[in-house]
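Given next are the chains, with one letter for each unit.
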Amino acid sequence: MSNMKAAVFVAPGKIELREKPIPAVGPGDALVRITTTTICGTDVHILKGEYPVASGLTIGHEPVGVIEKLGADVKGYREGQRVIAGAICPSFTSYGCQDGYPSQDGGCECHGYKPMGGWRFGNTIDGTQAEYVLVPDAQANLAPIPDGLSDEQVLMCPDIMSTGFAGAEASNIKIGDVVAVFAQGPIGLCAVAGARLRGASCIIAVDGIDDRLAISRRLGADVTLNFRQVDVVSEILKLTGGRGVDSAIEALGTQSTFESALRILKPGGMLSSLGVYSTDLKIPLDAFNAGLGDKKIVSSLCPGGKERMRRLMNVLESDRLDLSPLVTHRYKLDQIVEAYDLFSHQRDGVLKVAIQPF
C-alpha cells in the first residue's frame, strides 16, 4: 500500500477526504499509524479561512497511534509501540527552544524564533487527520503510552490538556488563590482541572451552556456562572468581596470574554490568555486601570515534547484526572466532513470527537 486517506484543506469552507502518498521516513522521523485523533477549534478556524494554511495540506494536530516505521537515527523506541506526540513538536535545537520557548521553535527553516513555529502538524507540515502521520524530530517528540491507558484517555494530552494546564501554569496559581475560568469548552475545562491541581481554593467557571458547567463542577469548579442568566462581572466581584480574583483564564478568544476577565482581576492579578483571536483586541482604559493597576497579561501556546506528554500521562495514570468524558462523539475517518459539520456548529452537546481511521 503506497497511498493513504487524509482530510485535506481545500479552500475556506471546504475540507475533503483525499488519497495522498504515505510519507517517506527520514533518519530522524517516525511514521505513526493513527489509531485515534480529533478535531480542534483551531482546525475550525482553518476551515473558515480565519487562519491561513496551504491548500492541499492534511490538517489536524492531535496524534494517538502506533509506530509503523522508525528512522535510522531514532533510538529507544520500537515499531508497534503505542505513542502520542504533542500538537507542538519542537526540534529542541533552535535558539527559541534553548531560550525556554520551544513552542516558538522557529519552524523547519531557521534556528531563530517564529511565532507558533513549534506548531507544525496541520500548519506547516501534513497533520494527523489521516491514516498515517510523519512525526519530525521523533526522538524529541514521541511519548510511549502506558499500558493501562486507552486511546481516548490520552487523546487530550497532545493539545487540549497541555494547553489548558499551560493556562493555569502561566497564571502562577498559588495555594489558596481564587481563579476564574472563562469558557468551558475542552480547553477551559482542562484549565479548571489544572487550577485545581495547582492548589486554587476557589475556582469560578463561566459559560453559557449548563451541561458544560456541570462537567466543570466534576473537574473541580466550586462556583459555576451562566453568563446568560447573571451579570458575571458583578457576581464575581460580589463573591470576592470586591477584591477580584487572583487569576483569570480566558479560554475562548473573544473581546467580551477577554474584557470580562480583565474587569474581575484584582490589582496585581494575572490574566492568562489561551483563546485564538480572529479580530483585534481592545483593552478598556478603566478595566486596565489606565495601565497603573499592576495587572499582567500573558499568552501561552500549548507546550509540546515527549517530557511534557509523559508528565500529562502521569497525571492520568495516577487517577488524578479523567478526561475521557470530554469525548462525546465518535466517527470514522471516512465521516470526517460530517464530523466537522457537527463540531463547527457545536450541535448535539459536542465537546470533542474521536476520529478513528481504521
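Before reading on, note that the structure itself is shown above.
Residues numbered from 1 in each chain as written. Predicted model: local features only at pLDDT ≥ 70, side-chain atom pairs only at ≥ 80, totals over all residues. Heavy atoms only, no water.

*Asks:* What is the right way to read the overall build of the protein chain from this model?
*Replies:* Across its full length, the protein chain carries eleven helices and 15 strands. The C-alpha radius of gyration computed for the protein chain amounts to 20 Å, which stays within 12% of the reference 21 Å derived for 358 residues, consistent with globular compactness. Principal-axis analysis of the C-alpha atoms places the extent of the protein chain at approximately 65 × 45 × 40 Å. Put simply, the protein chain has 358 residues, and 56% of those count as buried. By sequence separation, contacts in the protein chain at least 24 residues apart represent 67% of the contacts at least 6 residues apart. If you sum the accessible surface of the protein chain, you get close to 15200 Å²; carbon and sulfur atoms cover 51% of it. Here the protein chain carries 35 positive and 41 negative side-chain charges, and the mean point of each set is 2 Å from the other. (Helix = DSSP H or I, 4+ residues; strand = E, 2+ residues; numbered from the N terminus. Rg over C-alpha atoms; globule rule 2.2 N^0.38 Å. Buried < 20%, exposed > 50% of the residue type's maximum accessible area, 1.4 Å probe, protein only. Contact = heavy atoms within 4.5 Å. Areas by Shrake-Rupley, 256 points an atom, 1.4 Å probe, with all protein chains shown as cover. Lys, Arg positive; Asp, Glu negative; His and termini not counted. Charge placed at Lys NZ, Arg CZ, Asp CG, Glu CD.)

*Asks:* How should the packing of helix H5 (residues 157-170) against helix H10 (residues 306-317) be read in this particular structure?
*Replies:* How two helices sit against one another is set out by the angle between their axes and by the gap between those axes. Axis separation between H5 and H10 bottoms out at 10 Å; the angle between their running directions is 90°. In terms of their interaxial angle, H5 and H10 are classed as roughly perpendicular. Taken together, the residues of H10 that come into contact with H5 (itself represented by Cys-157, Pro-158, Met-161, Ser-162, Phe-165, Ala-166 and Glu-169) are Arg-308, Met-309, Leu-312, Met-313, Val-315 and Leu-316. Residues of the contact of H5 with H10, tallied by class, amount to ten nonpolar, one polar and two charged. (Axes fitted to C-alpha atoms, helices over the stretch in contact; angles between N-to-C directions. Parallel < 35°, antiparallel > 145°, perpendicular 65-115°, else oblique. Nonpolar A, V, L, I, M, F, W, Y, C, P; charged D, E, K, R; others polar.)

*Asks:* Explanation requested: the state of the cysteines in the structure shown.
*Replies:* The bond known as a disulfide is covalent and runs between the sulfur atoms of two cysteines. Scanning the model with the defined rule gives zero disulfides in all. With no disulfide of its own, Cys-157 lies 8.9 Å from the sulfur of Cys-190, the closest cysteine sulfur. Counting only cysteine sulfurs, Cys-190 is the nearest neighbor of Cys-202, a cysteine outside any disulfide, at a range of 20 Å. (Disulfide = S-S within 2.5 Å.)

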